[in-house]
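Chain residues, written in single-letter form:
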Amino acid sequence: MIGNPSAEAFVMTVLLTLLAAITIAIARQRNMFGVVILTSIYSFLMASLMIVLDAVDVAMTEASVGAGISTVILLATLYLTGSMEYPQRRSVAIPLFVSVVVGGALVWGTIGLPSFGISNAPIHQHVAPTYIDFSKKHDMPPNIVTAVLADFRGFDTLGETTVVFTAGIGVLLLLQGGWRGGSSRRRDDAEGDDEI
Amino acid sequence: MRLDLILRVGAKLVLPFILLFALYVQFHGDYGPGGGFQAGVIAAGMVILYAIIFGVHAAKQIAPPAMVEMMVPLGVAIFAGTGVASLLLGDKFLDYTSFAHDFLHAHEWGILIVEIGVFVTVCGTMIAMFYAFVQRGRS
């Protein structure tokens, strides 16, 4: 996306610093409304980061799901639950210890990874060359991401769609509290209020 | 009349373009970034913005809950049905080669149909979840 490598590194450093700052702010925030808004900002920064990394598909998903719809749904939840967190009574020592150990293990794990953006990393050697060669040979659509998702690995995407379907059905069954045509539906239609 | 005139006028200006952008992301997915999932979420976002500004009752006029709940399994059915159709045409599951005479055209059609399936399920799920959360507090 950005031509100059040092400018790209600078933008990424700024975005990652902001992400870290927002994470600390989320952890310290006791007002749930503030937490939801900070989470939304986190998603927007993450989407910006994905654009810098040239992953525009992921950036679109992050911006629309993470910053858009999940924020709206969390706000709707706050409307039901109230927005202040109860003060914490237990000690934070054990959670802090677990977080530091897990975080340290993850950072330690990154040492074994191939360096960032290198072209001969194992992920680029496995099936990706086959997809690219096949697409080029058969003159398939230029966006290989779409071809991989819907064609080469269509079965995976069918599975993902089924996951969305299952999750949606689960949420609907939990929240609507009954089968369709049940009492909740009729009550809702009768009310017809127009204010959230 | 409530005092949110600016919000209402602004939303009315923006809403058609959000839907247009969703359709662009859907049908231009072969060439640009995006696809069924992103387009479905953006289209659902349009309905949700409409519900926030003009009320859930108005949103249920353009996206009735019965239709939205029907969309959730319909998309999976379109996707899986494409696979079954390719089986019936003598290919492997989700191999679109027999859908047209030309290899490239057949795969473009296959991708298009499958992406529409993803769009329908994702859009329906997002709107249905939003409705479920919003109407929860009233009962």
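Note that this is a predicted model, so its numbers are computed, not measured. (Residues numbered from 1 in each chain as written. Chains lettered and ligands numbered in written order. Predicted model: local features only at pLDDT ≥ 70, side-chain atom pairs only at ≥ 80, totals over all residues.)

### Focus: the overall build of chain B
At step 1: Summing up its helical and strand segments, chain B has five helices and zero strands in all.
At step 2: Reading chain B from its N terminus to its C terminus gives the helix and strand order α-α-α-α-α.
At step 3: Since a compact globule built from 139 residues should have a radius of gyration of about 14 Å, the 18 Å found for chain B marks it as more spread out than a globular shape.
At step 4: Viewed in the frame of its principal axes, chain B has a C-alpha envelope of about 60 × 35 × 20 Å.
At step 5: At a minimum sequence separation of 6, the contacts of chain B that also span at least 24 residues come to 64%. (Helix = DSSP H or I, 4+ residues; strand = E, 2+ residues; numbered from the N terminus. Rg over C-alpha atoms; globule rule 2.2 N^0.38 Å. Contact = placed C-beta atoms within 7 Å.)

### Focus on the overall build of chain A
At step 1: Looking only at helices and strands, one finds nine helices and zero strands in chain A.
At step 2: If you list the helices and strands of chain A from N to C, you get α-α-α-α-α-α-α-α-α.
At step 3: Looking at the 196 residues of chain A, the share that counts as buried comes to 16%.
At step 4: Counted over contacts in chain A with a minimum sequence separation of 6, partners at least 24 positions apart contribute 44%. (Buried ≥ 20, exposed ≤ 12 C-beta atoms within 10 Å, placed from the backbone.)

### Remarks on the interface of chain B and chain A
At step 1: Counting residues at the interface gives 55 residues for chain B and 49 residues for chain A.
At step 2: Counting residues per element, the ones that place at least two in the side of chain B that touches chain A are α2 (36-54), α3 (56-62), α4 (65-88) and α5 (103-136) of chain B.
At step 3: In terms of residues, the side of chain B that touches chain A owes the most to one element, α5 of chain B, which gives 22 residues.
At step 4: Looking at the side of chain B that touches chain A residue by residue, the classes come out as 31 nonpolar, 18 polar and six charged. (Nonpolar A, V, L, I, M, F, W, Y, C, P; charged D, E, K, R; others polar.)

### Examining the confidence of the model for chain B
At step 1: Confidence in the prediction for chain B averages 88 pLDDT; 96% of positions are at 70 or higher.
At step 2: Interface confidence for the predicted complex, given as ipTM, is 0.87, next to a pTM of 0.84. (pLDDT = per-residue confidence, 0-100.)

### Re helix α1 (residues 5-28) of chain A
At step 1: Over its 24 residues, α1 of chain A extends 35 Å from the first C-alpha to the last, a length consistent with the 34 Å expected when each residue adds 1.5 Å.
At step 2: Little of α1 of chain A sits inside the fold, with zero of its 24 residues counted as buried. (Expected span 1.5 Å × (residues − 1).)

### Brief notes about the nonpolar core
Soluble globular proteins: nonpolar side chains tend toward being buried together.
At step 1: By size, the foremost hydrophobic cluster in this structure holds 48 residues, and its most contacted members are Val47, Cys123, Ile127 and Phe130 of chain B.
At step 2: Elements that contribute at least two residues to this core include exactly α3 (56-81), α7 (144-152) and α8 (154-176) of chain A together with α1 (5-27), α2, α3, α4 and α5 of chain B.
At step 3: Looking at which element gives the most residues to this core, the answer is α5 of chain B, with 16 residues.
At step 4: Filtering out sequence-adjacent residues up to four positions away, valine 47 of chain B remains in contact with Ala59, Ile62, Ala63 and Ile127 of chain B.
At step 5: Counting residues in hydrophobic clusters, the runner-up holds five residues, among them Met50, Ala59, Met60 and Ala63 of chain A. (Core = buried A, V, L, I, M, F, W, Y, C linked by C-beta atoms within 7 Å.)

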